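Breakdown of the fold
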Amino acid sequence: MRTNRTFTMLKPDALEKGMIGGILEKINSAGFRIVGMKLTQMSQKDAESFYAVHSNRPFFEGLVAFMTRGPIVAAVLEKENAIEDFRALIGATNPVEAAEGTIRKLFASSMTENAVHGSDSDANAAIETAFHFSERELF
Ligand code: ATP
Ligand code: MG
């Protein structure tokens, strides 16, 4: 996996509220190229494994229930400094703390229902991309 790529999910709340177009517009305007994209839904097992790092936290069950309750858009994005720049574009985990103009400030409604995921490292971007995409689905 190249280091100028990151992985994102537009979460179930974003799809339920018809916010895909608005979020993709922000992503495009910020200079990210879409390398891969699909509509999919995480199973219980998928979400538990994707968020395994949080398995002992009190919010884990709610997080898994939220992430599996409807479809998501999974995507791979390319840009110089993709990981850091995308984290800046989405803003803080809690939308109340997210900076003005960030995706979470604009589209998220709570700490759990925060509209979008962004990988936190090159290593995790590679793992998360492989979780959802085969090589032939990346362009
Ligand atoms: P993501 O990994 O989805 O991009 P993040 O990196 O900003 O979010 P993490 O610490 O990785 O935040 O947490 C993963 C997800 O778990 C968050 O997006 C949020 O939905 C949920 N979460 C994290 N901390 C809390 C909390 N204290 N209360 C409720 N939900 C939480
Ligand atoms: Mg995270």
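Everything below is about the structure printed above this text.
Read on for an overview of the structure. What you are looking at is a predicted structure, and each value in this text was computed from that prediction instead of being measured. (Residues numbered from 1 in each chain as written. Chains lettered and ligands numbered in written order. Predicted model: local features only at pLDDT ≥ 70, side-chain atom pairs only at ≥ 80, totals over all residues. Heavy atoms only, no water.)

1. Topic: the environment of phenylalanine 86
For phenylalanine 86, the location among the structural elements is in helix H5 (residues 82-90). For phenylalanine 86 and alanine 30, which are 56 residues apart along the polypeptide, the C-alpha to C-alpha distance reads 8.7 Å. (Helix = DSSP H or I, 4+ residues; strand = E, 2+ residues; numbered from the N terminus.)

2. Details of the site of ligand 1
Within the structure, ligand 1 sits among 13 residues, and Lys11, Arg87, Thr93, Asn114 and His117 are positioned closest to it. One of the side-chain nitrogen or oxygen atoms of arginine 104 is found 3.1 Å away from an oxygen atom of ligand 1. Summarising the interface, the protein chains cover 80% of the accessible area of ligand 1, which totals 580 Å² for the free molecule. The pocket occupied by ligand 1, as judged from atoms lying within 2 Å of grid points, is the largest pocket. In terms of residue class, the shell around ligand 1 is built from four nonpolar, six polar and three charged. (Near = heavy atom within 4 Å. Polar contact = N/O pair within 3.5 Å; in protein donor to acceptor, adjacent residues only side chain to side chain. Areas by Shrake-Rupley, 256 points an atom, 1.4 Å probe, with all protein chains shown as cover. 1 Å grid on protein atoms, 1.4 Å probe; cavity = no way out; pocket = protein on both sides within 12 Å on 5 of 7 lines; lining within 4 Å. Sits in = over half its atoms within 2 Å of the grid points. Nonpolar A, V, L, I, M, F, W, Y, C, P; charged D, E, K, R; others polar.)

3. Points about the sheet that holds strand E3 (residues 72-78)
What the four strands build is an open sheet, ordered E2-E3-E1-E4; its pairing is antiparallel. Pairing within the sheet leaves two strands with one partner each, and these edge strands are strand E2 (33-40) and strand E4 (116-118). Taking the axes of each pair of neighbouring strands and ignoring which way they run, one obtains an average angle of 15° across the sheet. Two elements, strand E1 (residues 5-10) and E3, share six bridges in a ladder whose sense is antiparallel. By the bridge assignment for E3, methionine 9 is matched with alanine 74. H5 rests against E1, E3 and E4 of the sheet, and its axis sits at about 155° to E4. (Pairing = 2+ DSSP bridges. Axes fitted to C-alpha atoms, helices over the stretch in contact; angles between N-to-C directions. Contact = heavy atoms within 4.5 Å.)

4. A word on the pattern of salt bridges
If you walk through the whole model with that rule in mind, you get seven salt bridges. In this structure, the salt-bridge partner of arginine 69 is glutamate 16, at a minimum N-O distance of 2.7 Å. Linking arginine 69 in the loop between helix H4 (60-68) and E3 with glutamate 16 in helix H1 (residues 12-16), this pair joins segments that are 53 residues apart in sequence. Note on glutamate 16: relative accessible area 47%, which makes it partly exposed. Taken together, the shared-partner salt bridges connect Arg5, Arg33 and Glu78 into one network. (Salt bridge = Lys/Arg side-chain N within 4 Å of Asp/Glu carboxyl O. Buried < 20%, exposed > 50% of the residue type's maximum accessible area, 1.4 Å probe, protein only.)

It is worth stressing that arrangement in space is one thing and function is another; only the former is reported here.
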